[in-house]
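Residue-level listing of the chains:
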Amino acid sequence: MATITLVQKNKSKGILTWYARVPDKNKGTVHFFSLGTASRSAAKMALQEKIREGSFDRRISPSSTTLGEAIEKYEKFQRSKGIKERTISIFTNSIRSLEKLFDRPVAEITKAEIAETFLAFNEDVRPTTYNLHKTICSMLFQYIVDVLEIIPSNPIPKAIPKRKRVKAIRHFWTTEQIDRIIAEAPTPNARLAWAFMAFAGLRRGEVDNLRPGDIHDGYIFVIGKGDKPAKIPVCPRLRREIDRRGTWDRLFVSYKTLIKYAAKALPEGFQGNAHPHRFRHSFGSNLIRAGVNIKVVQKLMRHENIQMTLDIYGHILDTDAEDAINRVFR
């Protein structure tokens, strides 16, 4: 048995639990086993007892826990922390990147196998999705390292390269096109829901959670992204839609119908996809096309910083710059 020492390996995180640091000479790795106490004297006694029992001799061999079993434990751990089911579902979808390895013992999986499996699964996904899948897989393996203590280090950062984002032009609908789409809405609820996104820039989830009592004194009061409260002015165009709808309770509707009714409203076609977030993007785009100051657009879109606004709407600003210089210097 190699020399075993006592350590507080998570002291920098404010966790004072003592661990037994056990080197594995055969594999050239180090394992940490929690002693379940923040008392050094109690940890010493627990360590001596485990050495006498030969506990470390039995546990030092590679764990038989499979990746699938580790994933189940991680999901239970997340739920015990009160993580929302929507976040759990994002995790479940992302971790499918390693699905071919689910039946393999974690301790036997190599970095090369992780890289090959992950890259094959994510070959055709967008860089944003690819990097999200990588981050979530890394969180899983960090849990395996810190809590399950099956492997000594997280293999994901070195095994999987980061993919650079390719800046894509986001298409939008003009105000005239939006009016035509809203006029084709299949139900009064769908019409008002689309109006809140198109004329106030609300996100789909914000519309789903909206109640009539959230609209007063000329503003819409919502809890936005990151649980941040916000208030958005009710413009005359949106006020007409609210008055037209009359009494309502919830506006949750099936947004899959948007594709059908947008195509019906714009038979000449349009670039890009018809999805609910396009209404919000059109809201910001139409503000810029109308000459609204970019700082005001940032505030209305509720972006954390102006760089985010510039990154999203830069292509529209570039076009406006060309139009402006051509008007001034004829």
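Residues numbered from 1 in each chain as written. Predicted model: local features only at pLDDT ≥ 70, side-chain atom pairs only at ≥ 80, totals over all residues. Heavy atoms only, no water.

> Describe the overall build of the chain, and please don't skip the residues or the numbers.
Along its length, the chain carries 15 helices and six strands. For 330 residues, the compact-globule estimate of 2.2 N^0.38 gives 20 Å, and the C-alpha radius of gyration of the chain, at 27 Å, exceeds that figure by more than 25%. With the C-alpha coordinates aligned to their principal axes, the bounding extent of the chain is approximately 85 × 45 × 40 Å. Every one of the 330 residues in the chain was classed for burial, and the buried ones make up 42%. Counting only contacts in the chain whose residues sit at least 6 apart along the sequence, the fraction spanning at least 24 positions is 57%. Element-wise, carbon and sulfur atoms account for 53% of the exposed surface of the chain, whose accessible area totals about 19300 Å². Taking the 56 positively charged and 35 negatively charged side chains of the chain as two groups, their mean positions are separated by 4 Å. (Helix = DSSP H or I, 4+ residues; strand = E, 2+ residues; numbered from the N terminus. Rg over C-alpha atoms; globule rule 2.2 N^0.38 Å. Buried < 20%, exposed > 50% of the residue type's maximum accessible area, 1.4 Å probe, protein only. Contact = heavy atoms within 4.5 Å. Areas by Shrake-Rupley, 256 points an atom, 1.4 Å probe, with all protein chains shown as cover. Lys, Arg positive; Asp, Glu negative; His and termini not counted. Charge placed at Lys NZ, Arg CZ, Asp CG, Glu CD.)

> How would you sum up the environment of Q142? Please name residues and give values.
Here Q142 shows up in helix α6 (residues 127–148). The exposure class assigned to Q142 is partly exposed, which follows from its relative accessible area of 33%.

> Give me the lowdown on the packing of helix α8 (residues 175–183) against helix α9 (residues 188–200), citing residues and values where you can.
Angle between the axes and distance between the axes are the two parameters that describe a pair of packed helices. Contact geometry of α8 with α9 gives a least axis separation of 9 Å together with a crossing angle of 165 degrees. Relative to α9, the element α8 is oriented roughly antiparallel. Helix-helix and strand crossings are classified by hand; for α8 and α9 the assignment is right-handed. Contact residues: α8 offers I178, D179, I181, I182 and A183, while α9 offers R191, W194, A195, A198 and F199. Residue composition of the contact of α8 with α9, grouped by class: eight nonpolar, no polar and two charged. (Axes fitted to C-alpha atoms, helices over the stretch in contact; angles between N-to-C directions. Parallel < 35°, antiparallel > 145°, perpendicular 65-115°, else oblique. Left-handed = near helix turned anticlockwise from the far one by under 90°. Nonpolar A, V, L, I, M, F, W, Y, C, P; charged D, E, K, R; others polar.)

> Explain the sheet that holds strand β5 (residues 219–223) to me, using residue names and the numbers behind them.
The three strands are arranged β4-β5-β6 in an open sheet whose pairing can be described as antiparallel. Either end of the sheet is taken by a strand with one partner, and the two such strands are β4 (215–216) and β6 (229–233). Alignment of β5 against β6, held across five bridges, turns out to be antiparallel. The partner of I223 across the bridge, within β6, is P229. (Pairing = 2+ DSSP bridges.)

> I'd like a rundown of the packing of aromatic side chains, residues and numbers included.
We describe a pair of aromatic rings using the distance from one ring centre to the other and the angle between the two ring planes. On inspection of all chains with the given rule, the structure shows ten aromatic pairs. Ring centres of Y74 and F91 lie 5.1 Å apart, and the angle between their planes is 50 degrees; on these two criteria the pair is classed as tilted. In this pair, Y74 is assigned in helix α3 (residues 67–80) and F91 in helix α4 (residues 85–95), connecting sequence segments 17 residues apart. Of the two residues, Y74 and F91, neither departs from the other in class, the shared state being buried. Plain terms: the ring middles of W173 and F279 are 5.2 Å apart, the flat faces sit at 55 degrees to each other, and that makes the pair tilted. With W173 in the loop between α7 (156–159) and α8 and F279 in helix α13 (residues 276–289), this pair connects stretches of sequence that are 106 residues apart. By the burial criterion, W173 is buried, and F279 matches it. Here a set of aromatic residues connected by ring pairs shows up, and it is made of Y74, F77, F91 and Y143. One residue, K9, lies across the ring of Y19, its end atom 5.2 Å from the ring centre. (Phe/Tyr/Trp six-rings, centres within 6.5 Å; stacked < 30°, edge-to-face > 60°. Lys NZ or Arg CZ within 6 Å of the ring centre and 35° of its normal.)

> I'd like a description of the environment of L266, backed by residues and values.
Within the secondary structure layout, L266 lies in the loop between α12 (257–265) and α13. On the accessibility criterion, L266 (1% relative accessible area) is buried. Taking the C-alpha atoms as reference points, L266 and V222, 44 residues apart in sequence, are found 31 Å from one another.

> Pulling in residues and values, what's your account of the pairing of β6?
Of the two faces of β6, only one is covered, namely that formed by A230 and I232; the face formed by P229, K231 and P233 stays uncovered. Connecting the antiparallel pair β5 and β6 is a turn made up of five residues, with G226 showing a positive phi of about 70 degrees.

> Explain the pattern of salt bridges to me, and be specific about the residues and the numbers.
Between side chains of opposite charge, pairing is possible as soon as their charged atoms come close. In total, this model carries 15 salt bridges according to the counting rule given. We note a salt bridge from E85 to R79, for which the minimum N-O separation is 2.9 Å. Since its relative accessible area comes to 48%, E85 is described here as partly exposed. Put simply, R237 and D179 hold a salt bridge, and the shortest N to O gap is 2.9 Å. In this pair, R237 sits in helix α11 (residues 236–245) while D179 sits in helix α8, placing the two residues 58 residues apart along the sequence. Taking relative accessible area as the criterion, D179 reaches 33% and is therefore assigned partly exposed. A single network of salt bridges, built from pairs that share partners, joins D179, R191, R237 and E241. (Salt bridge = Lys/Arg side-chain N within 4 Å of Asp/Glu carboxyl O.)

> Outline the side chain of T66, supporting the account with residue identities and numerical values.
Mapped onto the elements of the fold, T66 is located in the loop between α2 (55–59) and α3. Among all residues touching T66, those that are not within four sequence positions of it are F102, D103, R104, P105 and V106.

The analysis is restricted to geometry; functional conclusions fall outside its scope.
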